[in-house]
Amino acid sequence: MWSKHITRGTAAKPRLVLRPRFCWSSPTRCAVYMLKLSLTSEASLSVGGIPVSVVDLRVCGIVRVDLSPALLARLIVECFLEEREASVPASRHILNNMLREPYSIPDLLLAKHVEQCTVNDCCYGPLVDCIKHAIGLEHEDLLRDKLRERSLSFLDENQLRVKGYDKTPDIILEVPIAVDGHIVHWIESKASFGDDHSHRTYLNEQFWSYCNRFGPGLVIYWYGFVSELDCQRDRGILLRDGFPSDIVTLCQGPAQSRV
């Protein structure tokens, strides 16, 4: 996990760089977070009748750190669990459950803070993960509908797992197609924007292994991608920002949508 950190720049436009999570999660820093948070009592949880959360505390300087609310909540809960368990590293399973269900945290005040962090974070956290997962499933359904419209035979991820495959793309075509003159054996759906960092991660963790196992394929970034990233075509990875309309099948020529 990375966070924004302000470095030298102009007063009007400070320069932001990414710093890894461990820069913010040392035992000393976590102890400072917990100490400052402990200074807030149940009575101070509202100001003028308006609830105050860790999100607000980050802004007003009580917990002064440039982290996303969900990540800050995770660090504090992790520190809380280690204190309860005599400095034994917190179980990831227990930690994740508490972040997903804040009111399972024994400390009610901390539970309220964690809940507010989850609700107010638009980029990270359990709530955002659920939204991303739902959007991903919707676009996988869209991809399957597009393939059926063009009468293309395929196996989806669930069918492949039944057959014993452990790591597979979303779609494997039973009969390969051609797109832009490139053969396509598999299709991966990504309901996100393809930036340099995420694409490189996907290449190393997914796409290259798909190429090695199934041959060349197509990746659809439904929300667009950096055009310079589409540079691996000769190595078997083609990028598109939507389902291709210029499909060529093995025997039929260009596939036409059913009207």
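Details of the structure are given in the entry above.
J.: Go over the overall build of the chain with me, naming the residues and quoting the values.
T.: Within the chain, the secondary structure is distributed over eight helices and eleven strands. With 259 residues in all, the chain has 42% of them scored as buried. Long-range pairs, those at least 24 residues apart, make up 53% of the contacts in the chain with a sequence separation of at least 6. Of the accessible surface of the chain, which amounts to about 15,200 Å², a share of 55% is contributed by carbon and sulfur atoms.

J.: Outline the packing of helix α3 (residues 69-84) against helix α4 (residues 92-100), listing residues and values.
T.: In helix packing, the relevant descriptors are the interaxial angle and the interaxial distance, both defined with respect to the helix axes. In the contact formed by α3 and α4, the axes pass within 10 Å of each other and the chain directions differ by 130°. Looking at the two axes, α3 sits oblique to α4. Crossing of α3 against α4: the hand is right-handed. Residues Ala73, Arg74, Val77, Glu78 and Leu81 of α3 touch α4, and the partners they reach there are Ile94, Leu95, Asn96, Met98 and Leu99. A breakdown of the residues in the contact of α3 with α4 according to their chemical character gives seven nonpolar, one polar and two charged.

J.: Please set out the nonpolar core residue by residue, giving values where relevant.
T.: With 17 residues, the main nonpolar core has Val77, Leu81, Ile105, Leu110 and Val114 as its most contacted residues. Counting residues per element, this core draws most heavily on α3, at eight residues. Look past the residues within four positions of Val77 in its chain and what remains in contact with it is Leu95, Met98, Leu99, Ile105 and Val114.

J.: Could you give an account of the environment of Phe80, naming the residues involved and the relevant values?
T.: Its location among the elements puts Phe80 in helix α3. Accessibility expressed as a relative area gives 10% for Phe80, which makes it buried. Linking Phe80 and Leu110, residues 30 residues apart in sequence, is a C-alpha distance of 9.1 Å.

J.: Got a sec to walk through the pairing of strand β7 (residues 182-190)? Specific residues and values, please.
T.: Both strand β6 (residues 171-179) and β7 contribute to a ladder of five bridges, which runs antiparallel. Across the sheet, residue Ile177 finds its bridge partner in β7, namely Val184. The hairpin turn running from β6 into β7, its antiparallel successor, is two residues long, and Asp180 in that turn takes a positive phi close to 55°. The pairing of β7 with strand β8 (residues 217-221) spans five bridges and is parallel. Note on β8: the bridge partner recorded for Lys190 is Tyr221. Taken together, β7, helix α8 (residues 196-214) and β8 constitute a β-α-β crossover, and its handedness is right-handed.

J.: If you had to explain the pattern of salt bridges to someone new, which residues and values would you point to?
T.: Under the criterion given, the structure shown has eleven salt bridges. Between Glu157 and Arg161 there is a salt bridge; the shortest N-O distance is 3.0 Å. Highlighted residues: Glu157 and Arg161, both in helix α7 (residues 157-162), separated by four residues, approximately one helical turn. Salt-bridge contacts for Lys190 lead to Glu188; the nearest nitrogen and oxygen are separated by 3.3 Å. Judged by relative accessible area, Glu188 falls into the buried class, the value being 4%. When salt bridges with common partners are traced through the structure, they connect Asp180, Asp230, Arg233, Arg240 and Asp246 into a single cluster.

J.: How would you sum up the pairing of strand β9 (residues 237-240)? Please name residues and give values.
T.: Neither face of β9 is exposed, since Ile237 and Leu239 on one face and Leu238 and Arg240 on the opposite face are all buried. In this sheet, β9 lies alongside β8 in parallel orientation, the contact comprising four bridges. Note on β9: the bridge partner recorded for Leu218 is Leu238.

The rules behind the values
- Along every chain, residues carry numbers that run from 1 in the direction the sequence is written.
- It should be noted that, the model being predicted, local features are given only for residues of pLDDT at least 70 and side-chain atom pairs only at 80 or more, the latter also being counted only at that level, while totals for whole chains, interfaces and linings use all residues.
- Only hydrogens and water are removed before side-chain values are computed, so all heavy atoms of the structure are retained for them.
- In this text, helices come from DSSP runs of H or I with a minimum length of four residues, and strands from runs of E with a minimum of two, each type numbered from the N-terminal end.
- Partly exposed residues are those whose accessible area sits between 20% and 50% of the maximum for their type, while under 20% is buried and over 50% is exposed, using a 1.4 Å probe and protein chains only.
- Working rule for contacts: check all heavy atoms of both residues, and any pair within 4.5 Å makes them a contact.
- Computed with the Shrake-Rupley method and a 1.4 Å probe, the accessible areas treat only the protein chains shown as cover for residues.
- In this analysis an axis means a line fitted to C-alpha atoms, helices contributing only their contacting stretch, and an angle means the value between N-to-C directions, from 0 to 180 degrees.
- Angular relationships are summarised with four words: roughly parallel below 35 degrees, roughly antiparallel beyond 145, roughly perpendicular across 65 to 115, and oblique for the angles in between.
- Should the near helix be turned counterclockwise from the far one by less than a right angle, the crossing is left-handed, whereas a clockwise turn marks it as right-handed.
- Ten residue types, Ala, Val, Leu, Ile, Met, Phe, Trp, Tyr, Cys and Pro, are classed as nonpolar, four, Asp, Glu, Lys and Arg, as charged, and the remainder, Gly among them, as polar.
- The set of buried Ala, Val, Leu, Ile, Met, Phe, Trp, Tyr and Cys residues whose side-chain atoms join them within 4.5 Å is what this entry labels a nonpolar core.
- At least two bridges found by DSSP between two strands are what make those strands a pair.
- Orienting the strands away from the viewer, one traces the path from the first strand over the helix to the second; a clockwise path indicates a right-handed crossover.
- By convention in these notes, a salt bridge is any Lys or Arg side-chain nitrogen within 4 Å of a carboxyl oxygen on Asp or Glu.

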